[in-house]
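Fold and contact review
For reference, the chains in residue letters:
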Amino acid sequence: MPEIKNIINGCLLGNRRDQELLYRRYAAKLYAVCLQYSGNDEEARDILQEGFIKIFENLVHYKYEGSFDGWVRRIVVNTALEKYRSKHNLYRIDDIDQIPEQNAEPDNEDYAGLGARDLMEIIRELPPRYRIVFNLFAIEGYSHKEISGMMSISEGTSKSNLSRARVILQRRVGSYTGLKKNLING
Amino acid sequence: MVDRGANIDVVFRNGLKDYEVLPPADVWDKIRPAVRKNQKPVIILRAAAMIAVVLSLSFLAYKWSMNLSDRLGSFSFAVNPESENQGVAVPQRNIYHQAAIPVIAKQEQQEPVSDVVTDIPIPVANDNQVSPVLNNIEAENGPTFKGTLKSKNNIIPLEKSYTGQLNPNLYSPAFVSDIPEKPEDKKWTIAALVSPTYYSGFNSDHNALTSMLVSKEQAVISYSGGVAFAYKINKRFSVQSGLYYSSLGNELSGISSYSGFYNYDRTKNDHNFEVLTTNGTVYTSTSDVFLIDKISTIRISTNYTSDVFDPTKANLKYLDNSLTQSFSYLELPLFLKYKLVDKTLGLNVIGGLSSNFLVNNAVYSSLNGGKYLVGKTEGVNPIAFSSSLGMGMEYNFSKSISLNLEPTFRYYINPFTGADGMRIHPYSFGIFSGLSYKF
C-alpha cells in the first residue's frame, strides 16, 4: 500500500489515480462521520462530497503536523457544522418533553449488547443540535467553550444540550436494549 | 448522573471509533470533476496579456521609427530667391550646388511653392537637363550613368542611361562617390548581441503542488549573448542563425542551508536531501550540507527532519535562506527576419525556433559572498526547444555597420523538466542589443 505522503504528493500534482486512492482509503471512515452528524443519508452524502472537495483543495496546506486521519476528519466535521449552521433556522430544537420516556436508564451491562450500527441509529435520532453538541463533546473531545464558539451558542446552552442529549441517548439505549432482549427471548 | 453521562459518552466514542460505512458509488463521480479545476483560462489570459504587451511595444517602436525615418528622410523644398516663379525642388539632405539648380529649374510644371512642401516627387532629368552636367553625351568613351547621377552633395535622377564625362565646372570627379549601375548588394551580416533577460514560466498543468512551488520560486535576472549570422535572401527576407549562450537562474526561497553537517551524517550519504522544484528535483551532492524548509513541509524529503536534527543546537554554519538553481544553455537558433522599413533607421520582425542544449546545471547557496555548491537538479531535459518573436530596430551608422536593438519574447515549447505533473513552460523577455557588420 503506498505511503500516504506519496498519495498526497500525487494528489497535489493532480494525479487522478492518487486522488481516487485517497478517496477510497478514507471514504468509508468519513462517510460514517457524516452519518453520525446528519439526520438523513442524503445530507450525509452532501457532507461527504463537500468535505472531500475541501480536502483536495486544502491538501497543499497540510503541514504533516498530527495525523492525516485527524486532519481529514476535522475537515469533514467542519463541513457538517457549516451544513448545520446553514440550515439551523429550519430546525426546531425539540423540547425534551417530546422525547418519549419509555424505559428507565439502562444498566452498564445493557450497553454491551449494542453494536456500532445500533449506536449510529440511536445517535442519528437525536435532534440536530443535541446530536452535534454530543458528537463534538463526547466523540471529538471539544470543550464547551470551543463548542459555543463553533456553534454560536453560549457555553450554558452547550452544557444543557449535552445533558439533554445524554438523557435521550440513555433512554434510547434502554429502549433499544429492552427491545432486543424481548426479540431474543421471543 | 455525571458518571452515567460520561459513561454513555465512552460507549458511543468507543463504539463508533472504527465504524465505517461505504458511501454510495456515485459520490466519487460527483467529487471527481470538482477536484481538478480547469485553470486554462488564466493561462490563456496571461499569454494573451504577454502577447498584447509585445505587440504594443512593437507597434510603438514601429511608429517611433517611422516618425524618425520620415523626419530624417523628408524632403524640404526651398524657393530659389533669385529665380522667381521657378520653384526648385531641392532635397534638403542633398543640397544642389548653385550651378546645378538650373538643371531642375527648367521643369515646366514647377509652380511657385511655399517654403516647405512635402511629398513632391523628384523630377526625372531629361537630355536637356543632363547636358550641362555631362559633356559629350552619347560619346563612346567614358563611364555610363544610369538611374541616378550622384555626387557628394547632389542627386539627379535620370530617365535613361547616359555615357559621357562629368562637367568639371559642375561636378568635380573627385566628388563623385559612386555611380553604380546596380547598388552593391551585401548578402551577409554578422552581429554580436547581448541581452538582460527576464525569465518566468507558464504553468500549463495547474495543480495545487505546482502552484505552491511556483509561489515559492522567483526568477533571477539572467543574461544571454552570442554571435548571429544572417544571410539575405532578398530585399526583405533574411535567414539568421548563430550561437548564443544563455544563463537562467531560479531562486528557491524559504530553504535555509547550513554547512558542517558532515560530522553528524551517520550514513555518509551525499544524497541526504531532495528538494522538489518546478524545474525538477534538487539532489544534494555533498554530505556537508543540511537543508530546512522554513515555509513548507512538502518540498524537502529527508531522513534528517527538524525533529531528528537541529542544526542550531549542532552549531552548524548558517549559509543562506534560499537556494539558487542555475542552468546554462547553448542556443542554436534558426530565425527568419522580415525587413519592414529599410532606411537609416530600419525596422524588422524576427521570429523562429531554437534548440537549447543544457551545458551547466548546478544549485548554489551563498558562503561569504561566494557560491557554495549544494547539488544539481535532476530530471531537467537536456534539450529545450523554444520559439521566439521579436521586433528589431537597426540604426545604420554606415552601409556596413549598424546598431541593433531587438526586444524579443521567447517561449519554451517543452517543459524544462520531464517530471510527471510539472509542466512549467518557461518564457523569457529580453532586449538584445549589439553591433552588426554587413559584408
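Given the structure is predicted, the values throughout are model-derived calculations rather than measurements. (Residues numbered from 1 in each chain as written. Chains lettered and ligands numbered in written order. Predicted model: local features only at pLDDT ≥ 70, side-chain atom pairs only at ≥ 80, totals over all residues. Heavy atoms only, no water.)

Right, let's talk about the confidence of the model for chain A for a bit. Interpretation of this model should avoid reading the predicted coordinates in detail wherever pLDDT is low. Residues and elements named next belong to chain A. With 80% of its residues at a pLDDT of 70 or more, chain A has an overall mean of 82. Looking across chain A, the model is least confident in helix 5 (residues 108-111), with a mean pLDDT of 58, and most confident in helix 7 (residues 128-139), with 93. Confidence drops under pLDDT 50 across residues 90-104; counting only partners more than four residues distant or on other chains, this segment forms 18 contacts. (pLDDT = per-residue confidence, 0-100. Helix = DSSP H or I, 4+ residues; strand = E, 2+ residues; numbered from the N terminus. Contact = heavy atoms within 4.5 Å.)

Once that is clear, we can look at the layout of surface pockets. Residue and element names in this part refer to chain B. Within this model, the second largest pocket holds a volume of roughly 410 Å³. If you go around the second largest pocket, you meet 18 residues; those closest to its centre are Thr-297, Ile-300, Thr-305, Ser-306 and Asp-307. Broken down by secondary-structure element, the contributors of at least two residues to the lining of the second largest pocket are strand 12 (289-293) and strand 13 (300-302). Of the residues assigned to the lining of the second largest pocket, the class counts are 7 nonpolar, 6 polar and 5 charged. (1 Å grid on protein atoms, 1.4 Å probe; cavity = no way out; pocket = protein on both sides within 12 Å on 5 of 7 lines; lining within 4 Å. Points joined across faces, edges and corners; volume = space filled by probe spheres on them. Nonpolar A, V, L, I, M, F, W, Y, C, P; charged D, E, K, R; others polar.)

All names here are of chain A. For the pair helix 2 (residues 16-37) and helix 6 (residues 116-124), interaxial distance at closest approach is 8 Å and the crossing angle is 40°. For the pair formed by helix 2 and helix 6, the contact residues are Ala-32, Leu-35 and Gln-36 on the first element and Met-120, Ile-123 and Arg-124 on the second. Partitioning the contact of helix 2 with helix 6 into residue classes produces 4 nonpolar, 1 polar and 1 charged. (Axes fitted to C-alpha atoms, helices over the stretch in contact; angles between N-to-C directions.)

Moving on, we get to the environment of B:Ser301. With respect to the helices and strands, the residue B:Ser301 is situated in strand 13. The exposure class of B:Ser301 is partly exposed, given its relative accessible area of 30%. On a C-alpha basis, the gap between B:Ser301 and B:Tyr283 in space is 9.9 Å, while along the polypeptide they are 18 residues apart. Leave out the neighbours within four places in its chain, and B:Ser301 touches A:Lys5, B:Asn272, B:Phe273 and B:Glu274. (Buried < 20%, exposed > 50% of the residue type's maximum accessible area, 1.4 Å probe, protein only.)

Moving on: unusual backbone geometry. For A:Ser152, which is not glycine, the phi torsion reads 55° and is therefore positive. Within the secondary structure layout, A:Ser152 lies in the loop between helix 8 (144-151) and helix 9 (155-185). Although it is not a glycine, B:Asn315 adopts a positive phi angle of roughly 60°. The topology assignment puts B:Asn315 in the loop between strand 13 and strand 14 (317-341).

All names here are of chain B. As defined by bridge partners, strand 15 (residues 345-367) adjoins strand 17 (residues 383-396) across 13 bridges and the pair is classed as antiparallel. In the sheet register, Phe-357 faces strand 17, and the bridge partner there is Ile-383. Taken together, the 9 bridges between strand 17 and strand 18 (residues 401-412) define a ladder with antiparallel strand orientation. Bridge assignment links Tyr-395 to a residue of strand 18, and that residue is Leu-403. Taking the residues that link successive antiparallel strands as the turn, the strand 17-strand 18 hairpin has 4 residues. (Pairing = 2+ DSSP bridges.)

Once that is clear, we can look at the pattern of salt bridges. Residues and elements named next belong to chain B. Counted under the stated rule, the structure contains 14 salt bridges over all chains. Between Arg-299 and Asp-293 there is a salt bridge whose closest N-O contact spans 2.9 Å. One salt-bridge network, in which partners are shared between bridges, spans Lys-339, Glu-394 and Lys-438. (Salt bridge = Lys/Arg side-chain N within 4 Å of Asp/Glu carboxyl O.)

One widely used convention gives an interface's size as the accessible area the parts lose upon coming together. Listed per partner, the contact involves 42 residues of chain B and 49 residues of chain A. For the pair chain B and chain A, the summed buried area comes to about 4,200 Å², and 64% of that belongs to carbon and sulfur atoms. At the boundary of chain B with chain A, the tally comes to 1 salt bridge. Residue B:Asp9 pairs with A:Arg166 through a salt bridge whose shortest N-O separation is 2.4 Å. Elements that contribute at least two residues to the side of chain B that touches chain A include exactly helix 1 (2-16), helix 2 (26-35), helix 6 (208-215) and strand 13 of chain B. In terms of residue count, the dominant contributor to the side of chain B that touches chain A is helix 1 of chain B (11 residues). Among the residues making up the side of chain B that touches chain A, the classes are represented as 23 nonpolar, 8 polar and 11 charged. (Buried area = accessible area lost by both parts, 1.4 Å probe.)

We now examine the packing of aromatic side chains. Under the defined criterion, the tally for this structure stands at 24 aromatic pairs over all chains. Between A:Tyr26 and A:Phe68, the ring centres sit 5.5 Å apart and the planes meet at 70°, which makes this aromatic pair edge-to-face. With A:Tyr26 in helix 2 and A:Phe68 in helix 4 (residues 68-87), this pair connects stretches of sequence that are 42 residues apart. Comparing A:Tyr26 with A:Phe68, the two get one shared label, buried. Following the ring pairs from residue to residue traces out a cluster consisting of B:Tyr258, B:Phe261, B:Tyr264, B:Phe273, B:Phe290, B:Tyr304, B:Phe309 and B:Tyr318. Positioned over the ring face of B:Tyr364 is B:Lys371, at 4.6 Å from the centre of the ring. (Phe/Tyr/Trp six-rings, centres within 6.5 Å; stacked < 30°, edge-to-face > 60°. Lys NZ or Arg CZ within 6 Å of the ring centre and 35° of its normal.)

On to the nonpolar core. One finds A:Phe52, A:Ile55, A:Leu59, A:Phe134, A:Leu136, A:Met151 and B:Phe12 to be the most contacted residues of the largest nonpolar core, which totals 72 residues. Tallying contributions element by element places helix 2 of chain A first for this core, with 11 residues. Setting aside residues up to four positions removed in sequence, A:Ile55 forms contacts with A:Leu22, A:Leu30, A:Trp71, A:Val72, A:Ile75 and A:Val76. Core analysis: the second largest hydrophobic core is formed by 21 residues, B:Phe290, B:Leu291, B:Tyr304 and B:Phe309 among them. (Core = buried A, V, L, I, M, F, W, Y, C linked by side-chain atoms within 4.5 Å.)

All right, on to helix 6 of chain B then. Every buried residue of helix 6 of chain B is accounted for by B:Leu209, B:Thr210, B:Met212 and B:Leu213. The buried side chains of helix 6 of chain B occupy one side of the element, clustering within an arc of 160° when seen end-on. (Arc of directions from axis to C-beta.)

Below, the discussion takes up the packing of helix 7 of chain A against helix 8 of chain A. All names here are of chain A. It is at 10 Å that the axes of helix 7 and helix 8 come closest, and there the two elements cross at 135°. It follows that helix 7 is oblique to helix 8 by the angle criterion. In the packing of helix 7 onto helix 8, the handedness of the crossing is right-handed. Here Arg-129, Ile-132, Val-133, Leu-136 and Phe-137 of helix 7 come into contact with helix 8, specifically with His-144, Ile-147, Met-150 and Met-151. Class assignment for the residues of the contact of helix 7 with helix 8 results in 7 nonpolar, 1 polar and 1 charged. (Parallel < 35°, antiparallel > 145°, perpendicular 65-115°, else oblique. Left-handed = near helix turned anticlockwise from the far one by under 90°.)

Attention now goes to the pairing of strand 7 (residues 188-203) of chain B. Walk down a regular strand and you will see the side chains alternate between the two sheet faces. All names here are of chain B. Strand direction decides the pairing type here: strand 7 and strand 8 (residues 217-232), joined by 10 bridges, are antiparallel. Bridging across to strand 8, Ser-195 finds its partner in Ser-224. Pairing between strand 7 and strand 19 (residues 424-438): 13 bridges, direction antiparallel. In the sheet register, Thr-197 faces strand 19, and the bridge partner there is Gly-430.

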